[in-house]
Amino acid sequence: MSESMTEPVRTDDAGTLSFVKVCTLADLPEVGAVQASFDGRLVAIARDSSGEVHAFDDTCTHANVSLSEGDLDGGTIECWLHGSRFDMTSGEPTGLPATQPIAIHTVKIEGEDVFVALTA
């Protein structure tokens, strides 16, 4: 994925989310994840088996490993190195050895475009 050329994602004074286009639905595997880099962060954009699109920090909290290279199973993603699993909706770890959650980001789909607003 190429880095977005738009402004970094921020919230305004009213707390409204700002979104950045990160890819299109055609850029995503039918079930799986890709990596996007914007606003100085690596983010995994994943589509689960029900077609839901998720966005979360791409680094496993157990080890410095890319989660977008892992396998999806239902609503979870598994780290390929040590098998930690994370819920893609809440970010909570659902399998050891990870014990810390990953940051979850807000996704908005407009037509075929996928937009993400980063959490703090």
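Note: the structure precedes this text.
Residues numbered from 1 in each chain as written. Predicted model: local features only at pLDDT ≥ 70, side-chain atom pairs only at ≥ 80, totals over all residues. Heavy atoms only, no water.

A.B. asks: Describe the overall build of the protein chain, listing the residues and the values that go with them.
C.D. replies: Scanning the protein chain from terminus to terminus reveals zero helices and 10 strands. In sequence order, the protein chain lays out its α and β elements as β-β-β-β-β-β-β-β-β-β. In the protein chain, which comprises 120 residues, the proportion classed as buried is 42%. Sequence-distant contacts in the protein chain: of pairs separated by 6 or more residues, those separated by 24 or more amount to 41%. A total of about 6,300 Å² of accessible surface is found on the protein chain, and carbon and sulfur atoms cover 48% of it. (Helix = DSSP H or I, 4+ residues; strand = E, 2+ residues; numbered from the N terminus. Buried < 20%, exposed > 50% of the residue type's maximum accessible area, 1.4 Å probe, protein only. Contact = heavy atoms within 4.5 Å. Areas by Shrake-Rupley, 256 points an atom, 1.4 Å probe, with all protein chains shown as cover.)

A.B. asks: Please set out the pairing of strand 3 (residues 41–47) residue by residue, giving values where relevant.
C.D. replies: Of all seven residues making up strand 3, five are buried, and the element is well covered by its neighbours. Pairing analysis gives seven bridges linking strand 2 (residues 32–38) to strand 3, with the strands arranged antiparallel. Pairing of Q35 across the sheet is with A44, part of strand 3. Hairpin connection, strand 2 to strand 3: the antiparallel pair is bridged by two residues, and D39 has positive phi, about 50 degrees. Relative to strand 4 (residues 53–57), strand 3 is paired through five bridges, and the arrangement is antiparallel. Paired with A46 across the bridge in strand 4 is H54. Between the antiparallel neighbours strand 3 and strand 4 lie five residues, among them G51 with a positive phi of about 90 degrees. (Pairing = 2+ DSSP bridges.)

A.B. asks: Could you give an account of the packing of aromatic side chains, naming the residues involved and the relevant values?
C.D. replies: Aromatic rings considered in pairs are described by the distance between their centres and by the relative angle of their planes. Taken as a whole, this structure holds zero aromatic pairs when the rule is applied. Here the guanidinium or amino end of K108 rests over the ring plane of F115, the centre of that ring lying 5.7 Å away. (Phe/Tyr/Trp six-rings, centres within 6.5 Å; stacked < 30°, edge-to-face > 60°. Lys NZ or Arg CZ within 6 Å of the ring centre and 35° of its normal.)

Distances and angles like these do not, on their own, reveal function.
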